[in-house]
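One letter stands for each residue in the lines below.
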Amino acid sequence: MFTADLPTIYMVITLIGVTMTLVVSASSLADRNGGLRPIALGLGLCTLGYYLFGQRQVLSEPVFIVLANVAMAASISCFTFGIFQFQQRRAPRLVIFLPILLMGLISSILANQMALRIGLISLLFSLQSGFQLKSLVEKRHETVGIGQYYLMVSFALSFLIFVVRFFTSLFGSTTSLSISQPGTLLTIS
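Residues numbered from 1 in each chain as written. Predicted model: local features only at pLDDT ≥ 70, side-chain atom pairs only at ≥ 80, totals over all residues. Heavy atoms only, no water.

Caption draft 1: Molecular detail of the overall build of the protein. Along the protein, the regular secondary structure elements total seven helices and zero strands. Sequence-ordered secondary structure for the protein, helices as α and strands as β, is α-α-α-α-α-α-α. Burial statistics for the protein: of 189 residues in total, 41% are counted as buried. Approximately 10,500 Å² of the protein is accessible, and the part contributed by carbon and sulfur atoms is 71%. (Helix = DSSP H or I, 4+ residues; strand = E, 2+ residues; numbered from the N terminus. Buried < 20%, exposed > 50% of the residue type's maximum accessible area, 1.4 Å probe, protein only. Areas by Shrake-Rupley, 256 points an atom, 1.4 Å probe, with all protein chains shown as cover.)

Next up, the structure:
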């Protein structure tokens, strides 16, 4: 199986993320309440998270774990908020803010317990992705266009990847889940 060169992958993801953040940010200037501003913020936070993943060797382990994972959880929360804003409904505050708080706690308290930390982080990310998918499916008949279906597929794949990571953390090898060890699951992710 092909495994990726992680520094190259993180650099490419960071460059693509910066580009996407700038493009969506520029588009959001004309967008009053259509959800693009929180999406742009989410893209920026996601890019920051991947940049921190790529800088793992430079940053100290606890700082890396907490900052990178909190940035990723916050990015997903921003995407969720943007979806709700686009759908013109109020986003549940608990669903937006609780994952960020939990991610900070999980990442800092379990910094030295890799299997449990990865399992709980994967569970939290799968719940966030699942909620995004549920939110899109609920309003699919009221939303015009096929773009929503691309998002549904994306969130479904994200949900599936995190569920697999969760179960792998319970029953598999933690080295196959590490973001610093190239492996099949990380390459697919």
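The rest of the description comes next.
Caption draft 2: Layout of the nonpolar core. In terms of nonpolar packing, the biggest core is built from 19 residues, with Phe53, Met103 and Phe125 touching the most fellow members. Elements that contribute at least two residues to this core include exactly helix 1 (6–28), helix 2 (36–54), helix 3 (61–86), helix 4 (93–109) and helix 5 (114–138). Broken down by element, this core gets its largest block of residues, six residues, from helix 3. (Core = buried A, V, L, I, M, F, W, Y, C linked by side-chain atoms within 4.5 Å.)

Caption draft 3: Seen up close, the packing of aromatic side chains. Applying the stated criterion to the full structure yields eight aromatic pairs. Ring geometry for Phe84 versus Phe131: centroids 5.8 Å apart, planes at 5 degrees, classification stacked. You can see Phe84 sitting in helix 3 and its partner Phe131 sitting in helix 5, a full 47 residues away along the chain. The same class applies to Phe84 and to Phe131, which are both buried. Taking the centre distance of 5.0 Å and the plane angle of 45 degrees together, the rings of Phe125 and Phe162 count as tilted. Pair noted here: Phe125 is in helix 5 and Phe162 is in helix 6 (residues 147–171), with a separation of 37 residues, a long-range link. Across the pair, exposure class does not vary: Phe125 and Phe162 are buried alike. An aromatic cluster of three or more residues is present, and its members are Tyr10, Tyr50, Phe53 and Phe64. (Phe/Tyr/Trp six-rings, centres within 6.5 Å; stacked < 30°, edge-to-face > 60°.)

Caption draft 4: Main features of a nonpolar patch on the surface. A cluster of nonpolar residues, Leu94, Leu98, Leu101, Leu102, Leu105 and Ile109, forms a patch on the protein surface that exposes about 560 Å² of accessible area. Within the secondary structure, Ile109 is located in helix 4. Note on Ile109: relative accessible area 61%, which makes it exposed. (Patch = residues over 30% accessible without salt bridge, like charges linked within 9 Å, V, L, I, M, F, W, Y side chains within 5 Å. Salt bridge = Lys/Arg side-chain N within 4 Å of Asp/Glu carboxyl O.)

Caption draft 5: Inspection of the pattern of salt bridges at higher detail. All told, the structure shown has three salt bridges when counted by the stated rule. Where Glu138 meets Arg89, a salt bridge forms, and the shortest distance between an N and an O atom there is 3.1 Å. Note that Glu138 is positioned in helix 5 and Arg89 in the loop between helix 3 and helix 4, a separation of 49 residues in sequence. Exposure remark for Arg89: the relative accessible area of 24% places this residue in the partly exposed category.

Caption draft 6: Representation of the confidence of the model for the protein. Across the protein, the average pLDDT comes to 86, with 88% of residues at 70 or higher. Of all the helices and strands in the protein, helix 7 (residues 184–188) carries the lowest mean pLDDT, 55, while helix 4 carries the highest, 95. (pLDDT = per-residue confidence, 0-100.)

Caption draft 7: Representation of the side chain of Gln148. Here Gln148 is to be found in helix 6. Polar side-chain contacts of Gln148 include one of 3.0 Å to the backbone oxygen of Thr143. In this structure, Gln148 is in contact with Leu136, Lys139, Arg140 and Thr143, ignoring residues within four places of it in sequence. (Polar contact = N/O pair within 3.5 Å; in protein donor to acceptor, adjacent residues only side chain to side chain. Contact = heavy atoms within 4.5 Å.)

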